[in-house]
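Read off the chains here:
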Amino acid sequence: MNSKYLVINGGSSSLKFSLYEMPEEKVLISGLFERIGIDNSSYTIKLNGEKIKKEVTLNNHEEAVKILTEELLNYKIVNSLDEIKGVGHRVVHGGDKFKESTLINDEVISTIRNLFHLAPLHNPANLMGIEAFKEFIPDAKEVAIFDTGFPASMPMENYTYAIPYEWTEKYGARKYGFHGISHEYVTEFMKKELNKENVNLITCHLGNGSSMFSIKDSKAFDTSLGFSTNSGLIMGTRSGDVDTLMVQYLMKETGLSFDEIINVLNKESGLLGVSGVSSDSRDIEEGMKNGNARCILAQALFVNRIVGYIAKLWIGLDHVDAITFAGGIGENSPVTRKQIIEKLKPLEIELDEEANNVRGKFTLITKESSKIPCYIVPTDEEVMIARDTYNLVK
């Protein structure tokens, strides 16, 4: 029997939603509430191929959820909110407490609140969404799907830092990995595509935020991301890996405080910091065409870091069934994929240039002779959340 499930991704000033008919995974309506608690707030609804934008005052997440539920009724997406059987929430950080998606109860809410210190920008916003839907759709079961859930299968030797071990045990100072929902979707997709119950993959989620995983026997084995989302790969505005002692050095040289340096590493570094032009890969590529030396350098650093992590992750696997590219850049930048694959010649990987000249479409982009096939796999975090919610609620 068909039933309806809401998928929610709440940010500090935003709320993204999709309503699915399950188990068909049909999107009935989707949209985004923006600038919640800020001037000039608005929301956009996508329905039947049409985009509808409305300006409205949104003082808090509760007001956004109230309008959302009203619009579901106004557009006759549902005749009653009782038709919505479940609400799935993306929650960024589950610490070491949640290794898989879970039905939300008072204990789960309390634990998410206790993890605020691990994700101060994200978990509070995620919890606001949970509590708002509890008020407006009280009969629907709520489910938390954690970005750190899929990476929780990593072995200790891949998530432990070489710091005093009591810091790991007492303070949770360890690698967690993020973007888990995206990497899990790609893994499940490739299991079906390769017709294998267990797959070994290197999955590249490349965008404004970027991460990579090695997947061993269909489970997360290692990742580029660490304790925070500003680690590993170079990103739109984030530096990725830097020498920790450089922070102390730059504090003395610039006169900036620790918090100010960290803010720069998060919001003014990466592609933006090196290029001086933009955090958007499309702008970097345009600058490269025009001979902008700093755009060329930014792209070279971005690609080199990715290739370095592919090599690191590859060496930890017995064999690799495929390398996949997802995310805004991974799916839509033939230039970046080409530069990465050309640097993987030592692994006997051969690019099919004609096949690679595509955007946002599942495609094999390497030649038949390639030792490791490479694919574009458009990710779908929302449908992954819908599946988990449906499976837990039903």
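Higher on the page you've got the structure.
Residues numbered from 1 in each chain as written. Predicted model: local features only at pLDDT ≥ 70, side-chain atom pairs only at ≥ 80, totals over all residues. Heavy atoms only, no water.

### Quick word on the nonpolar core
How we decide: In plain words, nonpolar cores are sets of buried Ala, Val, Leu, Ile, Met, Phe, Trp, Tyr and Cys residues tied together by side-chain atoms within 4.5 Å. A simple rule labels every residue: compare its accessible area, found with a 1.4 Å probe on the protein chains alone, to the largest value its type can have, and call it buried under 20%, exposed over 50%, or partly exposed in between. Here a helix means four or more residues in a row that DSSP labels H or I, a strand means two or more in a row labelled E, and each is numbered from the N terminus. Contacts are assigned to residue pairs with any non-hydrogen atoms lying within 4.5 Å of each other.
Counting 35 residues, the largest nonpolar core has Ile-202, Leu-206, Met-212, Ile-310, Ile-323, Phe-325 and Ile-340 as the members making the most contacts within it. If you list the elements that add at least two residues to this core, you get strand E9 (201-205), helix H10 (281-289), helix H11 (293-315), strand E12 (322-326), helix H13 (334-342) and strand E14 (374-376). Element by element, the count of residues in this core is highest for H11, at nine residues. Those residues in contact with Ile-323 that lie beyond four places of it in its chain are Ile-202, Cys-204, Ile-310, Leu-344, Ile-349, Ile-372, Pro-373, Cys-374 and Tyr-375.

### Let's talk about the packing of aromatic side chains
Heads up, the rule is: Only Phe, Tyr and Trp rings are paired, with Trp represented by its six-membered ring, and only when their centres lie within 6.5 Å; those with planes under 30 degrees apart are stacked, over 60 edge-to-face, the remainder tilted. Over a ring means this: the NZ of a Lys or the CZ of an Arg is within 6 Å of the ring centre and within 35 degrees of the ring normal.
Applying the stated criterion to the full structure yields nine aromatic pairs. Ring pairing ties together the aromatic residues Tyr-185, Phe-189, Phe-362 and Tyr-375, which thus form one cluster. A cation over an aromatic ring shows up here: Arg-174 above the ring of Tyr-159, its NZ or CZ 3.7 Å from the ring centre. The residue whose ring lies beneath Lys-216 is Phe-221, and the NZ or CZ to ring-centre distance is 4.7 Å.

### A closer look at the environment of Lys-16
We count it as follows: Counted as a polar contact is a pair of N or O atoms within 3.5 Å, where, for protein atoms, one must be capable of donating a hydrogen and the other of accepting one, and residues adjacent in sequence contribute only when both atoms are in side chains.
Position of Lys-16 among the secondary structure elements: in strand E2 (residues 15-22). Once the C-alpha coordinates of Lys-16 and Glu-382 are considered, the two residues, 366 residues apart in sequence, prove to be 9.8 Å apart. Not counting chain neighbours up to four residues away, the residues in contact with Lys-16 comprise Val-7, Ile-8, Asn-9, Gly-31, Leu-32 and Glu-382. Among the polar contacts listed, one links the side chain of Lys-16 to the side chain of Glu-382, at a separation of 3.2 Å.

### Overview of the sheet that holds strand E13 (residues 363-364)
In a beta sheet, neighbouring strands are held together by backbone hydrogen bonds and run either parallel or antiparallel to one another. Rule in force here: Strands were regarded as paired on the criterion that DSSP finds at least two bridges between them.
Read across the open sheet, the six strands follow the order E11-E10-E9-E12-E14-E13; overall the sheet is mixed. Both outer strands of the open sheet, strand E11 (219-223) and E13, are each paired with one neighbouring strand and no more. In this sheet, E12 lies alongside E9 in parallel orientation, the contact comprising five bridges. Note that in E12 the partner of His-205 across the bridge is Ala-326.

### Details of the pairing of strand E10 (residues 211-216)
Of all six residues making up E10, five are buried, and the element is well covered by its neighbours. Across five bridges, the pairing between E9 and E10 is antiparallel. From the neighbouring strand, His-205 faces E10, where its bridge partner is Ser-211. Where E9 folds back on E10, the antiparallel hairpin that results is connected by five residues. Following E10, the chain reverses through two residues before pairing antiparallel with E11; Asp-217 in that reversal takes a positive phi of roughly 55°.

### What to know about unusual backbone geometry
Leaving glycine aside, a negative phi is the common case for residues, and trans is the common case for peptide bonds. For the bond from Met-22 to Pro-23, the omega torsion is 10°, close enough to zero to count as cis. Position of Pro-23 among the secondary structure elements: in the loop between E2 and strand E3 (26-34). One non-glycine residue, Arg-35, adopts positive backbone phi at about 60°. Locating Arg-35 in the fold gives a position in the loop between E3 and strand E4 (42-47). The phi angle at Ser-218 is positive, at roughly 70°, despite the residue not being glycine. Here Ser-218 shows up in the loop between E10 and E11.

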